[in-house]
Amino acid sequence: MAKVQKCLFVELEPWESERIQARQKDCETLLTYEDPLQEIDLTGEEAAGIILLSPFIHSRVDRAALEQLPDLKVISTRSTGYDHIDIEACRERSVTVCNVPGYGANTVAEHTFALLLALTRRVHKAYTQTVRGKFTIEGLRGIDLRNRTLGVVGTGAIGTHVIRIALGFQMPVLAYDVYPVQQMADALGFRYVDLDTLFREADIISLHAPHNDATHHMVDAEAIAKMKTGAIIINTARGGLISTEDLVEALRSGRLGGAGLDVLEDEQVIMEEGEMLSRRYDERALQTLVQNTILLRMENVIITPHIAFNSEEALDKILQTTVDNIGAFLAGRPQNVVAGPGEETRKA
Ligand code: NAI
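All values reported here derive from a predicted model rather than from experimental measurement.

Thresholds applied
Residues numbered from 1 in each chain as written. Predicted model: local features only at pLDDT ≥ 70, side-chain atom pairs only at ≥ 80, totals over all residues. Heavy atoms only, no water. Disulfide = S-S within 2.5 Å. Helix = DSSP H or I, 4+ residues; strand = E, 2+ residues; numbered from the N terminus. Buried < 20%, exposed > 50% of the residue type's maximum accessible area, 1.4 Å probe, protein only. Near = heavy atom within 4 Å. Polar contact = N/O pair within 3.5 Å; in protein donor to acceptor, adjacent residues only side chain to side chain. Areas by Shrake-Rupley, 256 points an atom, 1.4 Å probe, with all protein chains shown as cover. Nonpolar A, V, L, I, M, F, W, Y, C, P; charged D, E, K, R; others polar. Arc of directions from axis to C-beta. Domains from an automatic or database assignment. Buried area = accessible area lost by both parts, 1.4 Å probe. Salt bridge = Lys/Arg side-chain N within 4 Å of Asp/Glu carboxyl O. Axes fitted to C-alpha atoms, helices over the stretch in contact; angles between N-to-C directions. Parallel < 35°, antiparallel > 145°, perpendicular 65-115°, else oblique. Left-handed = near helix turned anticlockwise from the far one by under 90°. Contact = heavy atoms within 4.5 Å. Pairing = 2+ DSSP bridges. Core = buried A, V, L, I, M, F, W, Y, C linked by side-chain atoms within 4.5 Å.

Q: What should I look at first to understand the state of the cysteines in this one?
A: Simply put, the disulfide is a covalent bond whose two ends are the sulfur atoms of two cysteines. Scanning the entire structure with this criterion turns up one disulfide. What pairs with Cys 7 in a disulfide is Cys 27, and their sulfur atoms sit 2.4 Å apart. Disulfide Cys 7 to Cys 27: torsion about the S-S bond roughly -85°, handedness left-handed. Of the two residues, Cys 7 is situated in strand S1 (residues 4-9) and Cys 27 in strand S2 (residues 27-32); the sequence distance between them amounts to 20 residues. One exposure class covers both Cys 7 and Cys 27, and it is buried. This cysteine, Cys 90, is not joined by any disulfide, and Cys 98 carries the nearest cysteine sulfur, 11 Å off. Exposure remark for Cys 98: the relative accessible area of 1% places this residue in the buried category.

Written as structure tokens, this is what we have:
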């Protein structure tokens, strides 16, 4: 098997680096960085010969980044979502893009319920009160999940696991997907409906669809207007699925009862807050930053910093699948391809 000249791994913690070094046999030179791609200053000489890039989700792999890597042949993102990668630019440059599908179906689904239960049983509020020495039940009455209807948008790997857990809580489940799998609905015992019906009938709505042009701001003022007053929204998919401006307004007015968010629109702006003065952001991103800051302070909102994937088991599976993706690509049998050469092997 031909050896890779250079492989560039970014956003890799030292322990992950060790595990990758120990497991992979295909990269001749392994460059590893803890920072995201846009923070790394490679000289032309360093960039030459890099045929593989493995980012996580905080690297912006856009046209400019691709131009810095003239020999790039494959991107193996260590995530399921790939909206941080300019897919069209990769296709144009014949760069294969692979992902890690389904590594954390149960992991993200479990976190979905961590957010939901925290909200419905006021766990976040109870915690902050008790650490300050206030040991009373005042202001901490919650609601049961049993018999509350859950609406699941996107019944892929994660959405399906969320449904399984919800059924264990004895919640009736409605679901919407552009590719419904009726057999699965019959086997598990949930009902596919159109999106409007889901918005109208669900007490709790959980988002598990990818972020793309079709799903961008699928939850906006118009969608929220269809929802039950006091409905709860959980988003562990991508921030861009929800219009932050409309969400803030609906939570403020009491139209929505609460939100559990593991992902925020333009979340990289919050993450890079320390560098804000030296960076240029467009006006829209700055507006979203202000709205996100309002969300962070709301009592009926619980936010986690994009950690739904972050379990020991899921991380290990991500690293192993990435090593396997690289091996398969080099052996001429690319797997988990989402775009570029090899795309035709993608399952419908
Ligand atoms: P998946 O590909 O197995 O499932 C996605 C489902 O969404 C598919 O069934 C697809 O048909 C459906 N879908 C596509 N367009 C849709 C639309 N317009 N409306 C309704 N459904 C639509 O993906 P998986 O593994 O379930 O992940 C879902 C999303 O969760 C990912 O795209 C990713 O953005 C996010 N994610 C977030 C993580 C986190 O740490 N917060 C970790 C892993 C994934």
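Q: So what exactly am I meant to see when it comes to the site of the ligand here?
A: Around the ligand, the surrounding shell holds 24 residues, and the nearest of these are Ala 157, Ile 158, Asp 177, Thr 236 and Asp 262. One of the backbone N or O atoms of Gly 156 is found 3.4 Å from an oxygen atom in the ligand. Asp 177 places a side-chain nitrogen or oxygen 2.6 Å from an oxygen atom of the ligand. Contact with the protein chains removes 84% of the 860 Å² of surface that the ligand exposes when unbound. Of the residues contributing to the shell around the ligand, the split by class is 13 nonpolar, eight polar and three charged.

Q: What am I meant to see in helix H1 (residues 14-23) here?
A: In an α-helix, one full turn covers 3.6 residues, which means residues spaced three or four apart are oriented alike. If you check which residues of H1 are buried, you get Glu 16, Ser 17 and Ile 20. Burial along H1 is one-sided: seen end-on, the buried residues are contained in an arc of 100°. Facing away from the buried surface of H1 by more than 90 degrees, the exposed residues are Glu 18 and Ala 22.

Q: I'm lost on the domain arrangement of the protein in this one. Help?
A: Size of an interface: often given as the accessible area lost when the parts come together. Looking at the protein, the domain boundaries give domain 1 (4-103 + 312-339) and domain 2 (105-303). Computed over C-alpha atoms only, the centres of domain 1 and domain 2 are separated by 30 Å. When domain 1 packs against domain 2, close to 830 Å² is buried across both sides, 40% of that on carbon and sulfur atoms. Seen at the junction of domain 1 and domain 2, the total is one salt bridge. Among the ionic pairs, Arg 238 bridges to Asp 83, the shortest N-O distance being 3.1 Å. Summed over the shared surface of domain 1 and domain 2, the result is two residue pairs in polar contact (both at pLDDT 80 or more). Across the side of domain 1 that touches domain 2, the residue classes tally to three nonpolar, four polar and three charged.

Q: Even after reading the chapter, I still don't get the packing of helix H5 (residues 105-120) against helix H7 (residues 157-168), so can you show me in this structure?
A: Think of two packed helices as two axes; the pair is described by the angle between the axes and how far apart they sit. Contact pair H5 / H7: the axes reach a minimum separation of 8 Å and the direction vectors enclose 50°. Between H5 and H7, the angle is such that the two are oblique. Here H5 runs over H7; the crossing is right-handed. Across the interface between the two elements, Ala 105, Asn 106, Val 108, Ala 109, Glu 110, Thr 112 and Phe 113 of H5 pack against Ala 157, Ile 158, His 161, Val 162, Ile 165 and Ala 166 of H7. Of the residues contributing to the contact of H5 with H7, the split by class is nine nonpolar, three polar and one charged.

Q: I'm lost on the pairing of strand S10 (residues 231-235) in this one. Help?
A: Taken residue by residue, a regular strand's side chains alternate between the two faces of the sheet. For S10, the tally of buried residues reaches five of five residues, placing the bulk of the element in the interior. Burial of the side chains of S10 extends over both faces: Ala 231, Ile 233 and Asn 235 are buried on one face and Ile 232 and Ile 234 on the other. With four bridges joining them, strand S9 (residues 204-207) and S10 adopt parallel strand pairing. Residue pairing for S10: Leu 207 is matched across the bridge by Asn 235.

Q: Before we go on, may I ask you to explain the nonpolar core in this structure?
A: The tendency in soluble globular proteins is for nonpolar side chains to be buried side by side. Counting residues in hydrophobic clusters, the biggest one holds 31 residues, and the most contacted among them are Val 219, Met 227, Leu 256 and Leu 295. Of all the secondary structure elements, the ones that give two or more residues to this core are helix H9 (195-201), S9, helix H10 (221-226), S10, helix H11 (244-253) and strand S11 (256-261). Sorting elements by how many residues they give to this core places H11 first, with four residues. Once you skip the residues sitting within four places of it in the chain, Met 227 turns out to touch Phe 199, Ile 205, Val 219, Ile 233, Arg 255 and Leu 256. One finds Val 152, Ala 166, Met 171 and Val 173 within the second-largest nonpolar core, a separate group that totals 23 residues.

Q: In this structure, what is going on with the sheet that holds S11? I would like to understand it.
A: Where strands meet in a sheet, backbone hydrogen bonds hold them as pairs that are either parallel or antiparallel. Reading across from one edge, S8-S7-S6-S9-S10-S11-S12 is the order of the seven strands in this open sheet, with parallel pairing throughout. This sheet does not close on itself; its edge strands, each paired only once, are strand S8 (191-192) and strand S12 (301-303). Where S11 and S12 come together, three bridges link them in parallel fashion. Residue pairing in the sheet places Leu 261 in a bridge with Ile 303 of S12.

Q: Would you mind going over the pattern of salt bridges with me for this structure?
A: Side-chain pairs of opposite charge can arise whenever the charged atoms involved come near each other. Under the defined criterion, the tally for this structure stands at 12 salt bridges. A salt bridge links Asp 316 to Arg 19; the nearest nitrogen and oxygen atoms lie 2.8 Å apart. One end of the pair, Asp 316, is in helix H14 (residues 312-330); the other, Arg 19, is in helix H1, with 297 residues separating them in the sequence. Asp 316 gets classed as partly exposed once you look at its relative accessible area, which sits at 25%. Put simply, Arg 63 and Glu 92 hold a salt bridge, and the shortest N to O gap is 2.9 Å.

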